[in-house]
Amino acid sequence: MLFWTETIVLCLVFWGICVLATGTDERNLRNLSSYPDEIQRWVRSDPILGPKVGMPSGTSRFCSNLLLYTIVLLFTCCFVREEGFLKNFRTVFWMGELLNLFDFFVVDLLWWRHTRRVRFVGTEHEAQRYRDPKNHFVSFLKGIVLFFLVGVIDGALLSFL
């Protein structure tokens, strides 16, 4: 029961962070890579927004997410840890994958694609341009790998705590 409670709270906190991290062009630029390719090209060519675009490499973004979720899930799973690597790995892995599924279906497909908070000035009324799910799906697939690695790292750490 505690596992499910923690997972639900983690998903709701994640969604809250997503909402707070959007709403202005400057905030939305931080996550430009999650936008459809058409919007990314438009932003880069915009005379005001284009110079503000700073794109970290995919590797550095993956590594920073690996570190972030390793810490978050290590702390979260401390309360449900068990004896043995495999049990802890499964707990961390599934909590991460449930968060990944929540991010893909609820945050990305249901909320993000339909809210005006993520739209850049000048495209507020062009909802269709924001609906391409390709980059969200690619992020979801990367999340599977990410949370597998987090499960291995945290599973080992939780086994030794």
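As shown above, the structure is provided for reference.
Computed from a predicted structure; not experimentally measured.

Q: Before we go on, may I ask you to explain the side chain of Asp108 in this structure?
A: Position of Asp108 among the secondary structure elements: in helix α5 (residues 85-112). Comment: no salt bridge for buried Asp108; closest opposite-charge side chain is Arg113, at 9.0 Å. Looking at Asp108, its side chain comes within polar contact range of the side chain of His136, at 3.3 Å. The residues contacting Asp108, other than those within four sequence positions of it, are Asp103, Arg113 and His136.

Q: I'm lost on helix α6 (residues 134-160) in this one. Help?
A: Because an α-helix completes one turn every 3.6 residues, residues spaced three or four positions apart along the sequence face the same direction. For α6, with 27 residues, the first-to-last C-alpha span of 40 Å sits near the 39 Å given by 1.5 Å per residue. By the burial criterion, the buried members of α6 are Asn135, His136, Phe140, Gly143, Leu146, Phe147, Val150, Gly151, Asp154, Gly155 and Leu158. In the core, the buried residues of α6 are packed alongside α3 (37-45), α4 (58-77) and α5.

Q: What exactly am I supposed to notice about a nonpolar patch on the surface here?
A: Judged by side-chain polarity, Phe85, Leu86, Val145, Phe148, Leu149 and Val152 come together as a nonpolar surface patch covering roughly 490 Å² of accessible area. Put simply, the parts of the chain that give the nonpolar patch at least two residues each are α5 and α6. By residue number, the principal contributor to the nonpolar patch is α6, which donates 4 residues. Looking at where Leu149 falls in the secondary structure, it is placed in helix α6. Judged by relative accessible area, Leu149 falls into the partly exposed class, the value being 31%.

Q: In this structure, what is going on with the pattern of salt bridges? I would like to understand it.
A: Counted by the stated rule, this structure contains 4 salt bridges. In this structure, Arg129 engages Glu38 in a salt bridge whose closest nitrogen and oxygen atoms are separated by 3.0 Å. Placement of Arg129 in the loop between α5 and α6 and of Glu38 in helix α3 is noted, with a sequence separation of 91 residues between them. For Arg129, the salt bridge identified is with Glu126, shortest N-O distance 2.4 Å. The exposure class of Arg129 is buried, given its relative accessible area of 18%. Assessed through its relative accessible area of 31%, Glu126 is described here as partly exposed. Each member of the salt-bridge network shares a partner with another, and the members are Glu38, Glu126 and Arg129.

Q: Before we go on, may I ask you to explain the packing of α5 against α6 in this structure?
A: In contact at an axis separation of 7 Å, α5 and α6 are set at 155° when each is read in the N-to-C sense. With respect to α6, the axis of α5 lies roughly antiparallel. Between α5 and α6 lies a crossing of right-handed hand. Class assignment for the residues of the contact of α5 with α6 results in 17 nonpolar, 9 polar and 3 charged.

Q: What should I look at first to understand the side chain of Arg113 in this one?
A: Secondary-structure assignment places Arg113 in the loop between α5 and α6. Buried within the structure, Arg113 lacks any salt-bridge partner; Asp132 is the closest side chain of opposite charge, at an N-O distance of 7.2 Å. A polar contact is formed between the side chain of Arg113 and the backbone oxygen of Arg131, at a distance of 2.6 Å. Each residue touching Arg113, except ones within four places of it in the same chain, is listed here: Asp108, Arg119, Tyr130, Arg131 and His136.

The rules behind these values
Residue positions are counted from 1 within each chain, in the order its sequence is given. Side-chain atom pairs in this predicted model are given and counted only at pLDDT of 80 or more, local residue features only at pLDDT of at least 70, and totals for whole chains, interfaces and linings cover all residues. In computing side-chain values, all of the structure's heavy atoms are included and hydrogens and water are not. Under the DSSP-based scheme used, a helix requires at least four consecutive residues in state H or I and a strand at least two consecutive residues in state E, with every element numbered from the N terminus. Only protein chains enter the accessibility calculation, which uses a 1.4 Å probe. A residue is then buried if its area is under 20% of the maximum for its type, exposed if over 50%, and partly exposed in between. Under the convention used here, Asp and Glu are negative, Lys and Arg are positive, and both His and the chain ends fall outside the count. One side-chain nitrogen of Lys or Arg within 4 Å of one carboxyl oxygen of Asp or Glu is enough to make a salt bridge. Contacts described as polar in this section are N or O atom pairs within 3.5 Å, which, within protein, must combine one atom able to donate a hydrogen with one able to accept it, while residues neighboring in sequence count only if both atoms come from side chains. Whether two residues touch is decided by their heavy atoms; if any such pair falls within 4.5 Å, the residues are in contact. A helix's residues, less one, multiplied by 1.5 Å, set its expected span. Grouping into patches uses exposed residues only, defined as over 30% relative accessible area, and leaves out salt-bridged ones; the cut-off is 9 Å for like charges and 5 Å for nonpolar side chains (Val, Leu, Ile, Met, Phe, Trp, Tyr). Residue burial considers only the protein chains on display, and all accessible areas are found by Shrake-Rupley using a 1.4 Å probe. All axes here are fitted lines through C-alpha atoms, helices being fitted over the stretch that makes contact, and every angle between N-to-C directions spans 0 to 180 degrees. Should an angle fall under 35 degrees it is taken as roughly parallel, and over 145 as roughly antiparallel, whereas 65 to 115 is taken as roughly perpendicular and any remaining angle as oblique. For a crossing to be left-handed, the near helix must be turned anticlockwise from the far one by less than a right angle; the clockwise case is right-handed. Basically, the charged four are Asp, Glu, Lys and Arg, the nonpolar ten are Ala, Val, Leu, Ile, Met, Phe, Trp, Tyr, Cys and Pro, and anything else, Gly included, counts as polar.

By themselves these figures say nothing about function.
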